[in-house]
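Residues per chain, in single letters:
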Amino acid sequence: MLQSCPKLSRSCRRPSLPTFLRGLSTGAELPWQHAVRTKNGFVNAIVHTASTRTNNADGPLNDVTVAVKDNICTADMPTTCASAMLRDFTSPFDATVVRLLQSSGATIVGKTNCDEFGMGSLNINSIHGPVVNPHGATSLEMESARHSAGGSSGGSAAAVAAGMCDAALGTDTGGSTRLPASYCGVVGLKPSYGMISRWGVVSFADSLDCVGVFGKDISSAQRVYDVLSAYDSKDPTAIPEDVRARARGACSEHAATWSSPTSSDLSGLKIGIPQEYFPSTLNPSIISSLRRTIRALQRQGATAIPVSLPNTSYALSAYYIIASAEASSNLARYDGVQYGLHVQRPPDALATDPASIYAHTRTAGFGPEVKKRILLGTYALTADAFDNYFLQAQRLRQLIREDFNRVFIVPDPMAAGPIVPTSAEGVHVLLHPSAICTAPPLEEAARTAGRIDTYVQDVLTVPASLAGLPAVSVPGGSVDESGNGGAGWPVGVSVVGQWGCEEMVMRVGKAIEDVGKESFE
Amino acid sequence: MLARAVPCRPCRLTNARLAHTLRTYKEDPRWPGWEVIVGIEVHAQIKSRTKLFSDALTSDPGVSHNAHVSAFDAAFPGTLPRLNPICVDLALRTAIALKSDVQRRSTFDRKHYFYSDLPAGYQITQRYEPIARGGVLHLSSSEIAVGIEQIQLEQDTGKSTFDARHRVSTIDLSRAGTGLMEIVSQPDMRSPEEAAEYVRSLQALLRSVGSSDGNMEQGSLRCDVNVSVNKPGQSPGTRCEIKNLNSVRFMMAAIASEVFRHISVLKSGESVSQETRGFDEDSGVTFRLRSKEDAPDYRYMPDPNLPPLLLDTTRIERIREAMPELPDETRARLQILGLSRRDIDVLTSIDSGWEVGYNGEIGKGATAYFDALSVGRDPKVVVNWMTHELLGQLTIRRKTFRENPLSLEQMGSLIDLVQNGVITGSSGKTLLRHMLDHPSSEMPIELAGQLSLLALQEGDSLDQLCAEAIAALPEEAEAVRRGNVKVLNKLTGRVMKSSRGTADALSARKALERLLIPGGANS
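All values reported here derive from a predicted model rather than from experimental measurement.

**Looking at the confidence of the model for chain A**
Residue and element names in this part refer to chain A.
- For chain A, the mean per-residue pLDDT works out to 89, and 88% of the residues sit at or above 70.
- Note that pLDDT drops below 50 for residues 1–17; the model gives that stretch 43 contacts with residues more than four away or on any other chain.
- Below pLDDT 50 for its whole length, residues 19–26 participates in 14 contacts with residues either more than four positions away or in separate chains.

Okay, structure coming up:
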């Protein structure tokens, strides 16, 4: 059973200020440094601060500050994955994405809090304590008024929302970038599977894991994505250059009909509204917020078309089987022998085989959510369950992929064989709410954690993960007073495109950002 | 003889039955009235410079602990596998040599278990779709064909050793992640001897294509053996697997021990239970490791990091065209050159201990030395010099062929000096011994001059030695003059001795005849 999360204010470990921030607190302090100094104490977004700055003054990101999720390896800071298992672990190498950030001149400000090994939707499964949603929060606020930042990349979303950095790296296995982006009111991009190298990204579920990019706006996320989206021979699932080029070509061709960098006219853009993405649990105020966004896009010339993705209802089950099965395999390496936590077996304990010795370390090192998923995944892979669970889930995953291919006008560049002629009926992108509700209060989150309805949220985000598609959550305004309970809290709108259509997805994201600004003005 | 023309795809059981019915029963005096069925799983380490999925170097025996370990080999978080194409090429060579059907698409799976020499908690293997299926290996002595079920690529584990005195386990990850080929045979062997010939033939084949050292003692080739016993004409008995046999001799002993155990169980009216067994090298008997009920559930899962291995025809054909000569082909070729079976056995058995180069580089062994020497020379003369003289003298000096100090040029020139009569055969042998004892780069002709081994030509110096012999042995000389030609041998021997081998025996005899029997040299 899941235990309630640690109490917020006192139990959280607070990182000390990095050397390069000390002495800067007066006068020369930059706005982001001020934010870290004044807000991180209660937001709890950054858990290790960078002590050295690697700066390439001529790099394309030389004016950009970036925080990195704590499940992405860094050689000069710990990589804990928010787990007691890796509390004191520092990787011997930098992840490819970290190396790319450094060589492009970005300033890495530190490592961000997250759910343990990326498992969770509320960022409450962390040895560093929960992340507090910085939206409207002040250090003086009552604990009862604190809201979740979402998970699992809650620290990255919160760091961007609190102004501690311009952009942040997260990971997204089933929504871990898009959901916290929605809760915190920032942009969160989950790119196509295989676009950004996973070398140095600690695996949760390899076939689903993507590096996600957070930005305060579309343009900051885009700048960072452009640097990271490169083939890496160290990642066997990285998509080769020729496929990238083919996908870019197909995407540009279909975007050319409606997209112009100089005009806000969206005539020709077809936006699909998938009917299965409006479950009964969806908060009505979120629907009205989405409607406003759609209407604004229609005013610019876009067409909204209702579409159906009939296999969506299976996505959640398929996702939890596949993700948990892969997690049970990937987390088998944490045995306390080569690195990480090692718990001595009690003198009277069995020592007949390594598994019974490892059990002491694994029992102490993993939190309840991680244990639950390891057990589920282990079961799904047993000889008796494999066909009915794991293989069945793989078949469903294929059906979900086919659902998407049927509605998109852009052909799937990954499909084997001749490319099916595109249907004129097809849509360019899909639009749906990023979350079924706004950021829940942390107290409520702790109380309901582990209940089945906490997983229902994932229904909106896991289909794109299973299909490997690019999806971006963009702030779609905030819930108005008519909403029950979430008034004033941000809501995200998700834009999903065909594999490799990041350019299209981000352009629509930019249009949503722009109409949002207009409606505020 | 069992011929397998079509690569086999059906399940193991069907093939077991098929093979079983095709071999006629031959009574074995050790266990009359019983038929023995043996199948073997061989794990052969791939002789690539780097590991199957990482850039770390592979390790020769004796490399210090944990000398060759990458972050991936130690299963550090964030690491990912990268398939080494050289391992794939070497597996393809093996598959082609075994007439196995190379699969255009194969996949990698994870096999899970917790053990201290397996840092990731799983081994990457090819459970569902192996790189090659079917195949056959012909055994020349037993005159049978052993079917190959499949060849799969997988990772080797590390090594863990337990120090009982200090109660500490030591883990060495230098071996962890080295590429292995698992080669699974059909249950086509009927005796420990056939099993031994299968393993030895497979070793020779792997070495000839440069894919593995195939060395059981050093652990680069390991065998798991499946044994079952049944009454002739009845269906195969329940099989037991004997794990981790590390020499052909122990494997034969283990099979025999297991056969006797099965027979005694069956004779007592009980049935053999399916289990995994080990072999105690000291007592020479097998012992139970675990029963079928205790078999672990390995929770096989397709590896989500490794895309399917797709092999196009071009790549397979490139390997096929560059295939090194296989042991059977070498034997056939040497036979055509006129070498005796014994000579061929000697050359190829030396090669079986020859070290294989990395990444498929073919070792230059005794056959290669012979081939090079035979260019422009009589192969039979060359093989005589190699097997009788060179190898004989190396053996006396307790040296292996690997330590042979004579370059191809030196050995070739030595043979030529004798063949052209520049030195005598016995001088040639003396010179060879000298060169083995005093290795240098000097050519035989120079050394023969320094050692006064150049042959005495017919003429003054030979006549003088003959005259001395006649003077020294007057009675024998007189007997020859009287017509007793047999005594010539004694005089010839005297000449040979005083010439220290530089004289040619026939020339000396002719010279003596000419001196003692007027006109005799021409008769």
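There is more to say after this.
**With respect to the environment of Ile374 of chain A**
Residues and elements named next belong to chain A.
- Inspection of the secondary structure puts Ile374 in helix 11 (residues 368–381).
- Given a relative accessible area of 10%, Ile374 falls into the buried group.
- A sequence separation of 136 residues divides Ile374 from Lys510, and the C-alpha atoms of the two residues are 39 Å apart.
- With near-sequence residues (within four places) excluded, Ile374 lies in contact with Ser328, Leu331, Arg362 and Phe366.

**Topic: the packing of helix 9 (residues 312–330) of chain A against helix 11 of chain A**
Residues and elements named next belong to chain A.
- Contact pair helix 9 / helix 11: the axes reach a minimum separation of 7 Å and the direction vectors enclose 100 degrees. Classified by the interaxial angle, the pair formed by helix 9 and helix 11 is roughly perpendicular. In contact with Tyr320, Ile321, Ser324, Ala325 and Ser328 of helix 9, helix 11 contributes Arg373, Ile374, Leu376, Gly377, Thr378, Ala380 and Leu381.
- Each residue belonging to the contact of helix 9 with helix 11 can be placed in one class, and the counts come to seven nonpolar, four polar and one charged.

**Focus: the side chain of Ser182 of chain A**
Residues and elements named next belong to chain A.
- Mapped onto the elements, Ser182 comes out in helix 5 (residues 178–184).
- At a separation of 2.9 Å, a polar atom in the side chain of Ser182 contacts the main-chain amide nitrogen of Gly492.
- Once you skip the residues sitting within four places of it in the chain, Ser182 turns out to touch Ser434, Ala435, Ser473, Pro490, Val491 and Gly492.

**Side note on the sheet that holds strand 7 (residues 270–274) of chain A**
All names here are of chain A.
- One open sheet holds the eleven strands; their spatial order is 1-3-2-4-6-5-10-11-9-7-8, and the pairing between them is mixed. At either end of the open sheet lies a strand with only one pairing partner, and these are strand 1 (46–49) and strand 8 (303–307). Taken pair by pair, the neighbouring strands of this sheet meet at an average axis angle of 30 degrees, ignoring direction.
- Seen against the sheet, helix 8 (residues 284–299) touches strand 7, strand 8, strand 9 (429–433), strand 10 (471–478) and strand 11 (490–497) and runs at an angle of roughly 150 degrees to strand 9.

**Digging into the sheet that holds strand 5 (residues 122–125) of chain B**
Residues and elements named next belong to chain B.
- Strands sit in the order 5-4-16 across an open sheet of three strands; the sheet is antiparallel. The sheet is open, and its two borders are formed by strand 5 and strand 16 (301–302), each paired with just one other strand.
- As defined by bridge partners, strand 4 (residues 109–112) adjoins strand 5 across four bridges and the pair is classed as antiparallel. Along strand 5, the bridge assignment pairs Asp109 with Thr125.

**A word on the interface of chain A and chain B**
- If you look at the interface, chain A gives 39 residues, while chain B gives 30 residues.
- Summed over both sides, the interface between chain A and chain B buries roughly 2900 Å², with carbon and sulfur atoms accounting for 63% of that surface.
- Broken down residue by residue, the surface that chain A buries against chain B is led by Pro236, Arg333 and Gln338 of chain A, which jointly contribute 21%.
- Our count for the contact surface shared by chain A and chain B stands at one salt bridge.

**Digging into the domain arrangement of chain A**
Residues and elements named next belong to chain A.
- Each assigned domain of chain A is listed here: domain 1 (8–228), domain 2 (241–310 + 395–520) and domain 3 (317–388).
- A separation of 36 Å is found between the C-alpha centroids of domain 2 and domain 3.
- Tallying the contact residues gives eight residues for domain 2 and eight residues for domain 3.
- When the two sides are added together, the surface that domain 2 and domain 3 hide from each other amounts to roughly 640 Å², 65% of it contributed by carbon and sulfur.
- Counting every contact that joins domain 2 to domain 3 gives one residue pair in polar contact (both at pLDDT 80 or more).
- Every element with two or more residues in the side of domain 2 that touches domain 3 is listed here: helix 12 (387–407) and helix 15 (462–467).
- With three residues, the single largest contributor to the side of domain 2 that touches domain 3 is helix 12.

**So, the environment of Ala158 of chain A**
All names here are of chain A.
- Counting through the fold element by element, Ala158 comes out in helix 4 (residues 154–161).
- For the pair formed by Ala158 and Asn44, sequence separation is 114 residues and the distance between their alpha carbons is 8.5 Å.
- Residue contacts for Ala158: discarding those within four places in its chain leaves Val43, Ala45, Val131, Val132, Pro134, Ala149 and Cys184.

**Things to note about the nonpolar core**
- Within the largest apolar cluster, 193 residues are counted, with the highest numbers of intra-cluster contacts made by Ile40 and Tyr198 of chain B.
- Take this core: its biggest share by element is nine residues, from helix 9 of chain A.
- Among all residues touching Ile40 of chain B, those that are not within four sequence positions of it are Ile183, Val184, Ser185, Met189, Ala195, Tyr198, Val199, Cys223, Asp224, Val225 and Met251 of chain B.
- Leu394, Ile423, Met435 and Leu447 of chain B belong to the second largest nonpolar core, which has 31 residues in total.

**Section: the pattern of salt bridges**
- Enumeration over the complete set of coordinates arrives at 42 salt bridges over all chains.
- Lys216 of chain A serves as the salt-bridge partner of Asp166 of chain A, at 3.1 Å between the closest nitrogen and oxygen. Note that Asp166 of chain A is positioned in the loop between helix 4 and strand 4 (167–172) and Lys216 of chain A in the loop between strand 6 (210–215) and helix 6 (218–228), a separation of 50 residues in sequence.
- For Lys216 of chain A, a relative accessible area of 48% puts it in the partly exposed group.
- In this structure, the salt-bridge partner of Asp55 of chain B is Arg82 of chain B, at a minimum N-O distance of 3.2 Å. Placement of the pair is Asp55 of chain B in the loop between strand 1 (35–45) and helix 2 (85–97) and Arg82 of chain B in the loop between strand 1 and helix 2, with a sequence separation of 27 residues.

**Quick look at the packing of aromatic side chains**
- According to the stated counting rule, one finds 20 aromatic pairs over all chains in the structure shown.
- On the basis of an interplanar angle of 10 degrees and a centroid distance of 6.2 Å, the ring pair of Phe404 of chain A and Phe408 of chain A is categorised as stacked. Each member of the pair, Phe404 of chain A together with Phe408 of chain A, is buried.
- On the numbers, 5.2 Å between centres and 85 degrees between planes, the contact of Tyr369 of chain B with Phe401 of chain B is edge-to-face.

**Some remarks on the domain arrangement of chain B**
- If you check the domain split of chain B, you get domain 1 (12–295), domain 2 (324–450) and domain 3 (460–522).
- Using C-alpha coordinates to define each centre, domain 2 of chain B is positioned 36 Å away from domain 3 of chain B.

**A closer look at the pairing of strand 2 (residues 65–69) of chain A**
Residue and element names in this part refer to chain A.
- The buried fraction of strand 2 amounts to five of the five residues, a majority that puts the element mostly inside the structure.
- Here strand 2 shows a buried face lined by Thr65, Ala67 and Lys69 and a second buried face lined by Val66 and Val68.
- Both strand 2 and strand 3 (residues 107–112) contribute to a ladder of five bridges, which runs parallel. When the sheet's bridge partners are listed, Thr65 is paired in strand 3 with Thr107.
- Across three bridges, strand 2 lies against strand 4 in parallel orientation. Following the sheet pairing, Val66 is matched in strand 4 by Ala167.

**Looking at unusual backbone geometry**
- For the bond running from Gly151 of chain A to Ser152 of chain A, omega is 5 degrees, close enough to zero to count as cis.
- Residue position: Ser152 of chain A is located in the loop between strand 3 and helix 4.
- One non-glycine residue, Phe117 of chain A, lies in the positive phi region at around 55 degrees.
- Examined against the element boundaries, Phe117 of chain A turns out to sit in the loop between strand 3 and helix 4.
- Look at Asn66 of chain B: it is not a glycine, yet its phi comes out positive at around 55 degrees.
- By the secondary structure assignment, Asn66 of chain B is in the loop between strand 1 and helix 2.
- Taking relative accessible area as the criterion, Asn66 of chain B reaches 36% and is therefore assigned partly exposed.

**Focus: helix 7 (residues 241–255) of chain A**
All names here are of chain A.
- Compared with the 21 Å implied by 1.5 Å per residue over 15 residues, the 21 Å span of helix 7 between its first and last C-alpha is a close match.
- Every buried residue of helix 7 is listed here: Val243, Arg244, Ala247, Ala250, Cys251, His254 and Ala255. The arc that holds every buried residue of helix 7, seen down its axis, measures 130 degrees, which confines them to one face. Opposite the packed face of helix 7, turned more than 90 degrees from it, sit the exposed residues Asp242 and Glu253.

About the criteria used
- Residues numbered from 1 in each chain as written.
- Chains lettered and ligands numbered in written order.
- Predicted model: local features only at pLDDT ≥ 70, side-chain atom pairs only at ≥ 80, totals over all residues.
- Heavy atoms only, no water.
- pLDDT = per-residue confidence, 0-100.
- Contact = heavy atoms within 4.5 Å.
- Helix = DSSP H or I, 4+ residues; strand = E, 2+ residues; numbered from the N terminus.
- Buried < 20%, exposed > 50% of the residue type's maximum accessible area, 1.4 Å probe, protein only.
- Axes fitted to C-alpha atoms, helices over the stretch in contact; angles between N-to-C directions.
- Parallel < 35°, antiparallel > 145°, perpendicular 65-115°, else oblique.
- Nonpolar A, V, L, I, M, F, W, Y, C, P; charged D, E, K, R; others polar.
- Polar contact = N/O pair within 3.5 Å; in protein donor to acceptor, adjacent residues only side chain to side chain.
- Pairing = 2+ DSSP bridges.
- Buried area = accessible area lost by both parts, 1.4 Å probe.
- Salt bridge = Lys/Arg side-chain N within 4 Å of Asp/Glu carboxyl O.
- Domains from an automatic or database assignment.
- Core = buried A, V, L, I, M, F, W, Y, C linked by side-chain atoms within 4.5 Å.
- Phe/Tyr/Trp six-rings, centres within 6.5 Å; stacked < 30°, edge-to-face > 60°.
- Expected span 1.5 Å × (residues − 1).
- Arc of directions from axis to C-beta.

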